[in-house]
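Report on the structure
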There are 2 protein chains.
Amino acid sequence: MSRRVTLKEVAVRSGVSYQTVSKVINGQVQVAPDTEARIWQAVRELNYRPNYTARSLRAQRSFTIGYSWRPSPPDQANPILDTFLQSMFHAAEQRGYYLLCFPYHSDTQRQIESYRELMETRRVDGFVLSGVEYNDPRVLFLLEQKFPFVAFGRSNPDLHFPSIDVDGGYGLRLATEHLLAQGHRRIAALAWPEESRVGNNRMEGYFSAMRVAGIETMAEWIQRGEGRYAFGYEAARRLLALPAEIRPTAMVCLNDYMAVGAIKAVQDGGFQVGSQIGITGFDDTPIAQYLTPPLTSVRQPVWEIGERLIALLLNLLEAKETAQEFETILMQPQLVVRASSRKADQPDLIPKEVMRDP
Amino acid sequence: MSRRVTLKEVAVRSGVSYQTVSKVINGQVQVAPDTEARIWQAVRELNYRPNYTARSLRAQRSFTIGYSWRPSPPDQANPILDTFLQSMFHAAEQRGYYLLCFPYHSDTQRQIESYRELMETRRVDGFVLSGVEYNDPRVLFLLEQKFPFVAFGRSNPDLHFPSIDVDGGYGLRLATEHLLAQGHRRIAALAWPEESRVGNNRMEGYFSAMRVAGIETMAEWIQRGEGRYAFGYEAARRLLALPAEIRPTAMVCLNDYMAVGAIKAVQDGGFQVGSQIGITGFDDTPIAQYLTPPLTSVRQPVWEIGERLIALLLNLLEAKETAQEFETILMQPQLVVRASSRKADQPDLIPKEVMRDP
DNA sequence: AACGTTCGTGCGAACGTTCGCATTATTAGT
DNA sequence: ACTAATAATGCGAACGTTCGCACGAACGTT
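The rules behind the values
Residues numbered from 1 in each chain as written. Chains lettered and ligands numbered in written order. Predicted model: local features only at pLDDT ≥ 70, side-chain atom pairs only at ≥ 80, totals over all residues. Heavy atoms only, no water. Helix = DSSP H or I, 4+ residues; strand = E, 2+ residues; numbered from the N terminus. Rg over C-alpha atoms; globule rule 2.2 N^0.38 Å. Buried < 20%, exposed > 50% of the residue type's maximum accessible area, 1.4 Å probe, protein only. Contact = heavy atoms within 4.5 Å. Areas by Shrake-Rupley, 256 points an atom, 1.4 Å probe, with all protein chains shown as cover. Lys, Arg positive; Asp, Glu negative; His and termini not counted. Charge placed at Lys NZ, Arg CZ, Asp CG, Glu CD. Pairing = 2+ DSSP bridges. Axes fitted to C-alpha atoms, helices over the stretch in contact; angles between N-to-C directions. Right-handed = clockwise from strand over helix to strand, strands pointing away. Salt bridge = Lys/Arg side-chain N within 4 Å of Asp/Glu carboxyl O. Buried area = accessible area lost by both parts, 1.4 Å probe. Polar contact = N/O pair within 3.5 Å; in protein donor to acceptor, adjacent residues only side chain to side chain. Nonpolar A, V, L, I, M, F, W, Y, C, P; charged D, E, K, R; others polar. Near = heavy atom within 4 Å. Phe/Tyr/Trp six-rings, centres within 6.5 Å; stacked < 30°, edge-to-face > 60°. Lys NZ or Arg CZ within 6 Å of the ring centre and 35° of its normal. 1 Å grid on protein atoms, 1.4 Å probe; cavity = no way out; pocket = protein on both sides within 12 Å on 5 of 7 lines; lining within 4 Å. Points joined across faces, edges and corners; volume = space filled by probe spheres on them.

Attention shifts here to the overall build of chain A. Of the regular secondary structure elements, chain A holds 13 helices and twelve strands. Here chain A has a C-alpha radius of gyration of 26 Å; the compact-globule value for 358 residues is 21 Å, and the former is much larger. Projected onto its principal axes, the C-alpha coordinates of chain A cover approximately 90 × 45 × 40 Å. By the burial criterion, 55% of the 358 residues in chain A qualify as buried. Of all intrachain contacts in chain A linking residues separated by at least 6 positions in sequence, the fraction that spans at least 24 positions is 67%. Split by element, the accessible area of chain A, about 15700 Å² in all, is 50% carbon and sulfur. The average position of the 40 basic charges and that of the 41 acidic charges among the side chains of chain A differ by 6 Å.

Our next topic: the sheet that holds strand S2 (residues 98-101) of chain A. Read from one edge of the open sheet, twelve strands run S11(A)-S5(A)-S4(A)-S3(A)-S1(A)-S2(A)-S2(B)-S1(B)-S3(B)-S4(B)-S5(B)-S11(B), paired in mixed fashion. The open sheet has two edge strands, strand S11 (328-331) of chain A together with strand S11 (328-331) of chain B, and neither has a second partner. Ignoring which end each strand starts from, the neighbouring axes of this sheet average 25° apart. In terms of strand pairing, strand S5 (residues 163-166) of chain A meets S11 of chain A through four bridges, oriented parallel. The residue of S11 of chain A that forms the bridge with Val166 of chain A is Met331 of chain A. Along the sheet, helix H12 (residues 302-317) of chain A makes contact with strand S1 (64-67), S2, strand S3 (126-130), strand S4 (149-152), S5 and S11 of chain A, crossing S4 of chain A at roughly 160°.

Once that is clear, we can look at the pairing of S1 of chain A. All names here are of chain A. Burial along S1 is two-sided: the face carrying Thr64 and Gly66 and the face carrying Ile65 and Tyr67 are both buried. Two elements, S1 and S2, share four bridges in a ladder whose sense is parallel. Its bridge partner being in S2, Gly66 is matched across the sheet by Leu100. With helix H5 (residues 81-94) bridging S1 and the parallel S2, this β-α-β connection has right-handed handedness. The sheet contact formed by S1 and S3 spans three bridges and is parallel. In the strand pairing of S3, Gly66 is matched with Phe127.

Here we come to the pattern of salt bridges. Under the criterion given, the structure shown has 40 salt bridges over all chains. Taking the shortest distance from any N to any O, the salt bridge between Glu117 of chain B and Arg49 of chain A comes out at 2.7 Å. With Glu117 of chain B in helix H6 (residues 108-120) and Arg49 of chain A in the loop between helix H3 (33-46) and helix H4 (52-59), this residue pair bridges two chains. When its relative accessible area of 11% is taken as the criterion, Arg49 of chain A is described as buried. Between Arg224 of chain B and Glu194 of chain B there is a salt bridge, with its nearest N and O atoms 3.9 Å apart. Pair noted here: Arg224 of chain B is in strand S7 (residues 222-224) and Glu194 of chain B is in the loop between strand S6 (187-191) and helix H9 (197-212), with a separation of 30 residues, a long-range link. Note on Arg224 of chain B: relative accessible area 31%, which makes it partly exposed. In this structure Glu194 of chain B comes out as exposed when scored by relative accessible area, which is 56%. Residues participating in the shared-partner salt-bridge network are Arg49 of chain A together with Glu113, Arg116, Glu117 and Glu120 of chain B.

Here the focus is the interface of chain B and chain A. Opposite the 64 residues of chain B that make contact, chain A presents 64 residues. Looking at the side of chain B facing chain A, the largest losses of area belong to Tyr98, Arg123 and Tyr290 of chain B, adding up to 13% of the total buried there. Applying the counting criterion to the chain B and chain A interface returns eight salt bridges. At the surface where chain B touches chain A, the tally comes to 26 residue pairs in polar contact (both at pLDDT 80 or more). Where the side of chain B that touches chain A is concerned, the elements lending two or more residues are helix H4 (52-59), helix H5 (81-94), strand S2 (98-101), H6 and helix H11 (256-268) of chain B. Broken down by class, the residue content of the side of chain B that touches chain A amounts to 30 nonpolar, 20 polar and 14 charged. Relative to S2 of chain B, S2 of chain A runs antiparallel, the two sharing three bridges. Note that in S2 of chain B the partner of Leu99 of chain A across the bridge is Cys101 of chain B.

Our focus in this paragraph is the protein's contact with DNA strand D. The environment of DNA strand D is made up of 30 residues, and the closest members are Lys23 and Thr35 of chain A together with Ser22, Lys23 and Arg58 of chain B. Each atom of DNA strand D within 4 Å of the protein belongs either to a base or to sugar and phosphate, the latter forming 51%. Measuring from a phosphate oxygen of DNA strand D, one finds a side-chain N or O atom of Gln28 of chain B at 2.7 Å. The separation between a base oxygen of DNA strand D and a polar side-chain atom of Arg58 of chain B is 2.9 Å. Those elements that place two or more of their residues in the surface near DNA strand D are helix H2 (18-25) and H4 of chain A together with helix H2 (18-25) and H4 of chain B. Residues that form the surface near DNA strand D fall into these classes: twelve nonpolar, twelve polar and six charged.

With respect to spatial proximity, 29 residues lie near DNA strand C, and among them Ser22, Lys23 and Gln28 of chain A together with Lys23 and Thr35 of chain B are the closest. Put simply, 51% of the atoms of DNA strand C that lie within 4 Å of the protein are in sugar or phosphate. Ser22 of chain A places a side-chain nitrogen or oxygen 2.4 Å from a phosphate oxygen of DNA strand C. Counted by class, the surface near DNA strand C contains eleven nonpolar, twelve polar and six charged residues.

Counting through the fold element by element, Thr285 of chain A comes out in the loop between strand S9 (278-280) and strand S10 (297-299). Excluding anything up to four places from it in sequence, Thr285 of chain A contacts Pro79 and Asp256 of chain A.

Let us now look at the packing of aromatic side chains. Where two aromatic rings form a pair, the distance of their centres and the angle of their planes describe that pair. Here the structure, examined in full by the defined rule, presents 26 aromatic pairs over all chains. Linked through ring pairs, Tyr67, Trp69, Phe84 and Phe152 of chain A together with Phe89 of chain B together constitute an aromatic cluster. A cation sits over an aromatic face here: Arg202 of chain B above Phe282 of chain B, 3.6 Å from the ring centre.

Below, the discussion takes up the sheet that holds S7 of chain B. All names here are of chain B. The four strands lie next to each other as S7-S6-S8-S9, forming an open sheet whose pairing is parallel. Each edge of the open sheet is held by one strand with a lone partner, namely S7 and strand S9 (278-280). The average angle at which neighbouring strand axes cross in this sheet is 15°, direction not considered. When S6 meets S7, the two strands line up parallel, connected through three bridges.

The next subject is empty space enclosed by the protein. Counting across every chain of the model gives five cavities of 30 Å³ or more. There is about 120 Å³ of room inside the largest cavity. Surrounding the largest cavity, 14 residues form its lining, Ala77 and Thr285 of chain A together with Ala77, Thr285 and Pro286 of chain B being those nearest its centre. When the residues that make up the lining of the largest cavity are grouped by side-chain class, the tally is ten nonpolar, four polar and no charged. When its volume is computed, the second largest cavity comes out at roughly 70 Å³. Together, Tyr52, Thr64, Leu100 and Arg123 of chain A together with Tyr52, Thr64, Leu100 and Arg123 of chain B line the second largest cavity. Class assignment for the residues of the lining of the second largest cavity results in four nonpolar, two polar and two charged.

All quantities given are derived from atomic positions and should not be read as evidence of function.
Written out as structure tokens, the structure reads:
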């Protein structure tokens, strides 16, 4: 851990004042070509790197972005975390920023304290939020404090802040239309409770696709509960126990875990998943493709979301955009069709135009 | 984003010099009880928080730890990332530190540059490494630079640095012994290439358990390849194609993805997983318990590892330990027994003492 | 009564930058 | 040749802390 090279040493070597060196390095002033050359050479020879802390102190910016997320339960891993984080790291690095990650506290009070601490100690210049919900306390707090942030996900329509969200409605519409194209008419939905903003968005796609197809959805087809394996299993059992005339032949699920539970219930009930009962998930969990049968699922453009969130936030911080985008940017997910939703196991048997997008 | 409260303002309000306030806050000096009370009251009233950047500049420490990890391929999520990160965040927060996460570059040169940049700009006080291998360039670099770090995983035996590793050998020994207790004799292993340090450690457990049981392992039983689904599938097919007298009746796999592939191959081959062919994985991927049949797997004490790594590093940084532990701390994983390795599907049918630990 | 000790507090400096303005050197315009 | 404008560089201050040392008061000790 050798002693650091400072501006002054570079200045001595290149025969100018250290302030001039600073200005040249930051491109804030024009100097004689040979002076500039001498300075850069000294920088290289001494392997000078600006002390980030000193720079932050003076410039009143930390070049750091804060991020925290709700940990997933141990039996239900977050399928996009790794990619999401890496995409943000890369986007930030390119513009000289880093990400500071901090623990998630479920207690609202403590959670807000975490954010307050980081902003008031000037450790971060802005935040990225994810999984925002209606009346999210973090959103309310940061808006009130006028502290820069961007969010993955929408909140109340009357709260205005830059955010990116996946068009979950579109995703579910794709899934539903795909099942319709397979010939299914009685399509059930394994959904989240009505309070879930994300859940409601997704369900809109299901309802609209059914409406367009001229099918009246039955209340019994909508099963709401926690998005877990156990709920998926139970909900699917209930659906299969309905009288044959109204018993669904397909189920769209709001996430993969419910879908996995549903697959198991369907198989335990003696039905064939895919050829008899079509099932789709959401998230395209990595292991989904290795299930038996492989799970059809909706995949989010995670990498791009991370990149764009960071770009949005940095533009905000560097005030590049005078007229800022405070509306939600919607990104389109894609449907990955696999055997769990196909009537025939051979992909070839399905007409191309149906496979692409019904 | 209101103007910040500084030490001086607290000092004015409590009627002492700002340096005294600093010392009281940091507990570096004893003052008269009423002075101390006045100071703390002023701190509370003004809601003072030390400016972290200024503190870092003066103290020459950033109270920040750097961490970077190799991203998992999109079809094969890192099952422990979320927990591992959160455990480190919590442990660090308790001692006033945060984690700075930065992108992983597979190009060695650029990777080292990332580490160099962070240490030379004084942005971090130390690093946590994970997934270290033989002659890991990061380890060599940091040792040479004498920069503090700890690692999850071992490297060359002759390189001395504080690290924690999971006793993968013990894990595989548990798995192997469990299969032996189920009556299996011909047990195969789906392993990684011989260059893998982690892989070799794990395999030792397999070999030792077989040796203790008095079974000579056959070269054909050891399948080495990439730890992915496709390899697991192919390797299992090859094993099932062996002549009946030497065909394995069980397989231990070095990770869950290979195990999932193996399960599929076994089922495609017309065998029953569990009752006929026993299979075990490693990592206890969240979805493992929802497979058909649920997968027996080795689970690592991830949370505890994260906590202890941070504790180790912070002790190093704060020089609490004069005689530092530079040896690898080994942590014991546990075997989670599920149906994929049980002869009978009813847990009750298996003798208690066998279930616990053969 | 003079003298160490301890306790409580203050002072100046330093950490390594960036920023605004002042100063000097250079060139162009009359 | 004299001033005005421009280009190139320097200077002092500031960002908000922490650190080492010094200083005065109160205290007990010989």
